[in-house]
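Coordinate inspection notes
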Amino acid sequence: MNREYITNRLKEFQMDGLAEKILHIAYMWFGSKEDILGEGQPDDMGVYDVLENRILSRGAITRETDHQALRLASLIKQDIDKERRNDKRAIFLERLAGYRAAFTRRLRWLFPEFRYMCAIYPFLEKVPVLLPVYWTRRGIRLLAGLLAGKVKDKDTYE
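The structure presented is a predicted model; accordingly, all values stated were derived computationally and were not measured.

**Observations regarding the nonpolar core**
Counting six residues, the largest nonpolar core consists of Met117, Cys118, Tyr121, Leu124, Leu131 and Tyr134. Looking at this core, the elements with two or more residues in it are α6 (114-120) and α7 (131-148).

**Things to note about the confidence of the model for the chain**
Mean pLDDT over the chain stands at 78; residues scoring 70 or higher make up 63%. The secondary structure element of the chain with the lowest average pLDDT is strand β2 (residues 156-157), at 50, and the one with the highest is α6, at 92.

**Points about the pattern of salt bridges**
In this structure the tally under the stated criterion is two salt bridges. Here lysine 77 and aspartate 81 are joined by a salt bridge, their closest N and O atoms 3.2 Å apart. In this pair, lysine 77 and aspartate 81 both sit in helix α5 (residues 67-110), four residues apart, roughly one turn of the helix. Salt bridges linked by common partners bring Lys77, Asp81 and Arg84 together as one network.

**A word on α7**
Over its 18 residues, α7 runs 26 Å from end to end, which matches the ideal 26 Å to within 8%, given 1.5 Å per residue. Buried within α7 we find Leu131, Tyr134, Arg138, Leu142 and Gly145. The buried residues of α7 occupy one face: seen down the axis, they fall within an arc of 80°. In α7, the exposed residues that point more than 90 degrees away from the buried face are Val133, Ile140, Leu143 and Leu147.

**Points about the packing of aromatic side chains**
Think of a pair of aromatic rings as described by two things: how far the centres are apart, and how the planes are tilted against each other in angle. According to the stated counting rule, one finds two aromatic pairs in the structure shown. For the ring pair phenylalanine 111 and tryptophan 135, a centre distance of 5.0 Å and an interplane angle of 70° mean the geometry is edge-to-face. Taken together, the positions of phenylalanine 111 in the loop between α5 and α6 and tryptophan 135 in helix α7 put the pair 24 residues apart, joining distant regions of the chain. Overall, the relative accessible area of 42% leaves phenylalanine 111 in the partly exposed class. What makes tryptophan 135 partly exposed here is its relative accessible area of 21%. Taken together, a centroid distance of 4.9 Å and an interplanar angle of 45° make the contact between tyrosine 121 and tyrosine 134 tilted. Of the two residues, tyrosine 121 is situated in the loop between α6 and α7 and tyrosine 134 in helix α7; the sequence distance between them amounts to 13 residues. Each member of the pair, tyrosine 121 as well as tyrosine 134, carries the same accessibility label: buried.

Here is what the cut-offs are and how they apply
- Residues numbered from 1 in each chain as written.
- Predicted model: local features only at pLDDT ≥ 70, side-chain atom pairs only at ≥ 80, totals over all residues.
- Heavy atoms only, no water.
- Core = buried A, V, L, I, M, F, W, Y, C linked by side-chain atoms within 4.5 Å.
- Buried < 20%, exposed > 50% of the residue type's maximum accessible area, 1.4 Å probe, protein only.
- Helix = DSSP H or I, 4+ residues; strand = E, 2+ residues; numbered from the N terminus.
- pLDDT = per-residue confidence, 0-100.
- Salt bridge = Lys/Arg side-chain N within 4 Å of Asp/Glu carboxyl O.
- Expected span 1.5 Å × (residues − 1).
- Arc of directions from axis to C-beta.
- Phe/Tyr/Trp six-rings, centres within 6.5 Å; stacked < 30°, edge-to-face > 60°.

Below is the structure:
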């Protein structure tokens, strides 16, 4: 493992101090006494206690004192919030597409194509300008049929 590369990358992300503290905890847990004594005893053991408690509690204890850890937690929270916003936006756009499809379906049913209207009203082939008039006529017939309760299908009457 290239330790210099990892150290440089951590410095780029400004997480080198936090990484050193976590590495020191790892040496205290799994390393030899020479590893711990070689670096000397840290001045503030409270920071290590907080990090150790956070590690052992799987993040349940969140009293953080290290500024790099606080910054990292803030960045993670911002990223999670951004993902939630993107998910909400995707759901909104999906619903909007569904509403748009339903609206166009209803619009096509209210105002059918010219060929369909010509099949019902053959006179439209001679005078296509009257298409809006025949849409209105069809709508009135459908409403009258609905009010009378005689409509079996959209354009079928008893």
